[in-house]
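Residue-level structural notes
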Amino acid sequence: MSISSESDWLKAIESGELHEQEVRDITLLEDVQGITFTDCVFAEVVFQMEELSECTFIDCQFHSGNFSSVKIQDCAFKNCQFYDPDSETGSIFKFARITACQFEGCDLSMANFCRANLYRTELSHCQAQGADFSQLTTESDIGGRISLHDFTVSESNLAYSDFTGADLQEASITSCRLIHSVLHDANLEGAILTDNEMHGINADRLTLRGADLRGSGVDGLNVTEIDMAGVTIDESQQRVLLEALGITVI
């Protein structure tokens, strides 16, 4: 069964669950809450509601999905495909506010998270090659001048991704593949960056003040151009960084 109208969509989600349904060529305007979607296909669907909350997506496919500017809260995406191999494009999350969500085992390759906010959001065991995380923020203002930062990525492939200007203070990015990623003007102050592949990164004006880099490849870091005050490294990394400064370690 193919759902291609707003009225059919509203009827379909009344039960609280959708299984093996195809939703195609539709703009969804009404807020959606507390629905479980399993083995569903969303093709050329624009999520234009104000809020998508407390929903679970399992083994779903999103072809040219558009979540721009949507508030996505307390949702779980498990083994979902956000990359369309036919058009070689990823889903769009520009300006989205993604709070307390989990992406587990998802393909987010070429996804566009430009200027999105991913506070308390976690990516684990995901493919996100070539994803656009530029100008990403991960904070929540709780009043006055106090802000909280919380964003976690683990055991994921972020190769060739763009983090230009991203605010990733206190983020936890561990056991990830970051080779050839772009980190120009990114802020990773106080971040946990352990056990990552970081070879060939481009990172002019990167801030790493107070970050933990133990176990990560650091041979691609230009230490003369990066704020590394208070960074935690291990002994093998110390040798690599000193040699990059022209200091011979014997």
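All residue numbers here refer to positions counted from 1 along the written sequence of the relevant chain. It should be noted that, the model being predicted, local features are given only for residues of pLDDT at least 70 and side-chain atom pairs only at 80 or more, the latter also being counted only at that level, while totals for whole chains, interfaces and linings use all residues. Here the side-chain values reflect all heavy atoms present in the structure, with hydrogen atoms and water set aside.

This part is about the overall build of the chain. Looking only at helices and strands, the chain features 2 helices and 20 strands. Two things to know: the radius of gyration comes from C-alpha atoms, and the globule rule equals 2.2 Å times the number of residues to the power 0.38. Against the globule reference of 18 Å for 250 residues, the chain gives a C-alpha radius of gyration of 20 Å, in line with a compact fold. Across its three principal directions, the C-alpha atoms of the chain cover 70 × 45 × 20 Å. Going through the 250 residues of the chain one by one, you find that 46% of them count as buried. In the chain, the proportion of contacts linking residues at least 24 apart, taken out of those at least 6 apart, comes to 20%. Residue-level accessible areas treat just the shown protein chains as cover; the underlying method is Shrake-Rupley with a 1.4 Å probe. For the chain, the computed accessible surface area is about 11600 Å², with 42% contributed by carbon and sulfur atoms. Residues scored as positive are Lys and Arg, those scored as negative are Asp and Glu, and His as well as the terminal groups of each chain are ignored. Charge placement uses NZ in Lys and CZ in Arg. For Asp and Glu, CG and CD serve respectively. Mean positive and mean negative side-chain charge positions of the chain (14 and 42 charges, respectively) differ by 6 Å. Counting from the N terminus, the helices are DSSP H or I runs at least four residues long and the strands are E runs at least two residues long. Partly exposed residues are those whose accessible area sits between 20% and 50% of the maximum for their type, while under 20% is buried and over 50% is exposed, using a 1.4 Å probe and protein chains only. Contacts are assigned to residue pairs that have any heavy atoms within 4.5 Å of one another.

Below, the discussion takes up the pattern of salt bridges. Two side chains that carry opposite charge are able to pair once their charged atoms sit near each other. Each salt bridge in this description consists of a side-chain nitrogen of Lys or Arg and a carboxyl oxygen of Asp or Glu lying within 4 Å of one another. All chains considered together, the criterion is met by 4 salt bridges. Of the charged contacts, one joins Glu197 and Arg177 as a salt bridge, the two residues approaching to 3.9 Å between their closest N and O atoms. Residue Glu197 is located in the loop between β20 (172-174) and α2 (235-244), and its partner Arg177 is located in the loop between β20 and α2; the two are separated by 20 residues in the primary sequence. With a relative accessible area of 38%, Glu197 lands in the partly exposed category.

So, about the pairing of strand β6 (residues 41-47). Residues in a regular strand project their side chains so that they alternate between the two faces of the sheet. Strand pairing is defined by DSSP finding a minimum of two bridges between the two strands. The sheet contact formed by strand β3 (residues 22-28) and β6 spans 6 bridges and is parallel. Residue Glu22 lies in a different strand from β6, and its bridge partner there is Val41. As paired elements, β6 and strand β9 (residues 61-63) share 3 bridges and run parallel to each other. Within β9, the position partnered with Ala43 by the bridge is His63.

Below, the discussion takes up a nonpolar patch on the surface. Only residues whose relative accessible area exceeds 30% and that take part in no salt bridge are eligible for patches, with like-charged residues grouped when within 9 Å of each other and nonpolar side chains (Val, Leu, Ile, Met, Phe, Trp, Tyr) grouped when within 5 Å. A surface patch of nonpolar side chains, amounting to about 280 Å² of accessible area, comprises Ile142, Ile146 and Leu148. If you trace the backbone, Ile146 turns up in strand β18 (residues 146-149).

With that out of the way, let us pick up the packing of aromatic side chains. Ring pairs (aromatic) are described by centroid distance and by the angle formed between their planes. For Phe, Tyr and Trp, where Trp contributes only its six-membered ring, two rings pair if their centres lie within 6.5 Å, and the inter-plane angle classes them as stacked under 30 degrees, edge-to-face over 60, or tilted in between. Tallied over the full model, the rule gives 23 aromatic pairs. On the numbers, 4.6 Å between centres and 10 degrees between planes, the contact of Phe37 with Phe57 is stacked. Residue Phe37 is found in strand β5 (residues 36-38), and its partner Phe57 is found in strand β8 (residues 56-58); the two are separated by 20 residues along the sequence. Taking relative accessible area as the criterion, Phe57 reaches 1% and is therefore assigned buried.

Another point: unusual backbone geometry. In terms of backbone geometry, most residues other than glycine have negative phi values and most peptide bonds are trans. Even without being a glycine, Asp74 presents a positive backbone phi close to 55 degrees. The class for Asp74 is partly exposed, based on a relative accessible area of 38%. The backbone of Asp195 shows a phi angle near 60 degrees, a positive value even though the residue is not glycine. Residue placement: Asp195 occurs in the loop between β20 and α2. Judged by its relative accessible area of 45%, Asp195 falls in the partly exposed class.

Attention shifts here to the sheet that holds β9. Strand order in the open sheet formed by 4 strands is β1-β3-β6-β9, with parallel pairing between adjacent strands. A strand with exactly one partner marks an edge of an open sheet, and here the two such strands are β1 (2-3) and β9.

Right, let's get into the side chain of Asn112. Structurally, the position occupied by Asn112 is in the loop between β15 (102-104) and β16 (121-124). In contact with Asn112, other than residues within four places in its own chain, are Ser91, Ile92, Phe93, Lys94 and Asp132.

Turning to the sheet that holds β16, a few remarks are in order. In spatial order, the strands read β2-β5-β8-β11-β15-β16-β19-β20; together these 8 strands make up an open sheet with parallel pairing. Strand pairing shows two members of the sheet lacking a second neighbour, β2 (17-19) and β20, which therefore form its edges. Sheet twist, expressed as the average angle between the axes of neighbouring strands with direction ignored, equals 5 degrees. Of the pairings in the sheet, the one linking β2 to β5 comprises 3 bridges and is parallel in character. Bridging across to β5, Leu18 finds its partner in Phe37. Lines fitted to the C-alpha atoms define the axes, with helices restricted to the stretch that makes contact. Angles between their N-to-C directions range from 0 to 180 degrees.

In short, shape yes, function no, at least from these values alone.
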